[in-house]
Amino acid sequence: MGVYILMLWLLCTVASAANIAVYKQDPIADTECAEAIAKVLRTQHHVVLLDHTHLTHANLSNINVLVFPGGLGDVDEFDDVLLDKKTVVQQYFASGRVYMGICMGAYIAGQKYFDLVNDIKIHRYINRPHNQVETDEPCIVKCNWQQRLRYMYFFDGPVFLGNIKQHEKIATYSNGDAAAIIKHTRTGVFVGIGPHPESQSDWYESKNQRYWHQGDQHALIRDVLNQALKSTKSSIK
């Protein structure tokens, strides 16, 4: 009986696993960030890494979740490095699937870039009133993530403002601005995350090592993704 239950659990796990593509292209989609999120999500899902050349309609045809991770540089470099992929990403999203953006990946979902969530304003947290930090260097911020205080790795990430219903807020910063959301649009589902729950232990400098979460925050990103997948228009393959 025990073996039967184990086999049944394994079959259910495989059946519910999503196909996920993580974009990896320095500097706007940093290799370290992309590989970290891929590592976290592979524990439950099928994950592939796609560079710029391979971010195509064909390669996204059986993908349920497209992830753009954190990156380096200026978001206004978008036209130089990603404009040629705008239609690819927009058509993917319009088919009812999930776009997850973390830090830089969330910024580029905004109106001036991929334009996936035109009723949401995506701004820098460090420029917001009553912010906790003002540095654009890596640091730690306090977040209320589903009613629990978390100390989270942060690297000049965004806030999400505008037409956000209370039930769509997954996390808030200490000033009350949304730090993570699930936004259902008329087309796809947008998951935006400002801090870095996928962070790895070697990301933390010695002064911040005490805030390393021992991998506990990795479950947060899997949970929010699974929540978003439940309501997508596209079936999980």
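Residues numbered from 1 in each chain as written. Predicted model: local features only at pLDDT ≥ 70, side-chain atom pairs only at ≥ 80, totals over all residues. Heavy atoms only, no water.

**Q** I'm lost on the confidence of the model for the protein in this one. Help?
**A** Detailed reading of the predicted model is not advised wherever pLDDT is low. Looking at the protein as a whole, the pLDDT averages 91, with 92% of positions reaching at least 70. With pLDDT under 50 throughout, residues 3-15 is counted as low confidence; its partners more than four residues away or in other chains account for two contacts. (pLDDT = per-residue confidence, 0-100. Contact = heavy atoms within 4.5 Å.)

**Q** I keep staring at the packing of aromatic side chains and nothing clicks. Help me out?
**A** One pair of aromatic rings is described through two measures. These are the centre distance and the angle between the planes. With the rule as written, the count across this model stands at 15 aromatic pairs. Seen in terms of ring centroids, Phe68 and Tyr99 are 5.5 Å apart; in terms of plane orientation they differ by 20°. Their pairing is stacked. On the criterion of sequence distance, the pair formed by Phe68 in strand β3 (residues 65-68) and Tyr99 in strand β4 (residues 98-102) is long-range, its members being 31 residues apart. Both residues of the pair, Phe68 and Tyr99, count as buried. For the pair Phe78 and Phe114, a centre-to-centre distance of 5.0 Å together with 85° between the ring planes defines the contact as edge-to-face. Here Phe78, found in helix α3 (residues 78-81), pairs with Phe114, found in the loop between α5 (104-107) and β5 (120-124); they are 36 residues apart in sequence, far enough to count as distant. (Phe/Tyr/Trp six-rings, centres within 6.5 Å; stacked < 30°, edge-to-face > 60°. Helix = DSSP H or I, 4+ residues; strand = E, 2+ residues; numbered from the N terminus. Buried < 20%, exposed > 50% of the residue type's maximum accessible area, 1.4 Å probe, protein only.)

**Q** What's the story with the pattern of salt bridges in this structure? I'm lost.
**A** A side chain with one charge may pair with a side chain of the opposite charge, provided their charged atoms come close. This model, assessed by the stated rule, comprises six salt bridges. Between Arg128 and Asp177 there is a salt bridge, with the nearest N and O atoms lying 2.8 Å from each other. Of this pair, Arg128 sits in the loop between β5 and β6 (139-145) while Asp177 sits in the loop between β9 (169-173) and β10 (178-184); the two residues are 49 residues apart in sequence, bridging distant segments of the chain. Accessibility expressed as a relative area gives 25% for Arg128, which makes it partly exposed. We classify Asp177 as buried; its relative accessible area is 9%. For Glu168, the salt bridge identified is with Lys183, shortest N-O distance 3.7 Å. With Glu168 in the loop between β8 (158-162) and β9 and Lys183 in strand β10, this residue pair connects regions lying 15 residues apart in the sequence. With a relative accessible area of 4%, Lys183 lands in the buried category. (Salt bridge = Lys/Arg side-chain N within 4 Å of Asp/Glu carboxyl O.)

**Q** Where do I start with the pairing of strand β7 (residues 149-154) in this structure?
**A** Side chains on a regular strand alternate between the two faces of the sheet. Both β6 and β7 contribute to a ladder of six bridges, which runs antiparallel. In the strand pairing of β7, Ile140 is matched with Tyr153. (Pairing = 2+ DSSP bridges.)

**Q** Just to check I follow, could you spell out the nonpolar core for this structure?
**A** Nonpolar side chains in soluble globular proteins generally cluster together in the buried interior. In terms of nonpolar packing, the biggest core is built from 41 residues, with Ile20, Met100 and Ile193 touching the most fellow members. Those residues in contact with Ile193, other than ones at most four positions away along the chain, are Met100, Gly101, Ile102, Cys103, Ala106, Trp145, Pro158, Phe160, Ala179, Ala180, Ile221 and Val224. (Core = buried A, V, L, I, M, F, W, Y, C linked by side-chain atoms within 4.5 Å.)

**Q** How should I be thinking about helix α6 (residues 218-229) in this particular structure?
**A** For an α-helix the count is 3.6 residues per turn, leaving residues at separations of three or four pointing the same way. The terminal C-alpha atoms of α6 lie 17 Å apart, and with twelve residues this matches the ideal 16 Å at 1.5 Å per residue to within 8%. Turning to α6, its buried residues are His218, Leu220, Ile221, Arg222, Val224, Leu225, Ala228 and Leu229. (Expected span 1.5 Å × (residues − 1).)

**Q** How should the layout of surface pockets be read in this particular structure?
**A** In this approach a probe as big as a water molecule rolls over the atoms, and the regions it shows empty are the leftover space. Of the volumes computed, that of the largest pocket is approximately 680 Å³. Around the largest pocket, the lining comprises 29 residues; the ones closest to its centre are Gly73, Val75, Met104, Tyr107 and Asp156. Residue assignment for the lining of the largest pocket shows that the elements contributing at least two residues are α2 (31-41), α5 and β5. Examining the composition of the lining of the largest pocket, we find that five residues originate from one element, β5, more than from any other. (1 Å grid on protein atoms, 1.4 Å probe; cavity = no way out; pocket = protein on both sides within 12 Å on 5 of 7 lines; lining within 4 Å. Points joined across faces, edges and corners; volume = space filled by probe spheres on them.)

**Q** What is the right way to read the packing of α2 against α6 from this model?
**A** Closest axis-to-axis distance for the α2/α6 pair is 9 Å, and the angle between their directions is 75°. The angle between the axes of α2 and α6 places the two elements in the roughly perpendicular class. Side by side, α2 and α6 meet where Ile37, Val40 and Leu41 of the first sit next to His218, Ile221, Arg222 and Leu225 of the second. Of the residues assigned to the contact of α2 with α6, the class counts are five nonpolar, one polar and one charged. (Axes fitted to C-alpha atoms, helices over the stretch in contact; angles between N-to-C directions. Parallel < 35°, antiparallel > 145°, perpendicular 65-115°, else oblique. Nonpolar A, V, L, I, M, F, W, Y, C, P; charged D, E, K, R; others polar.)

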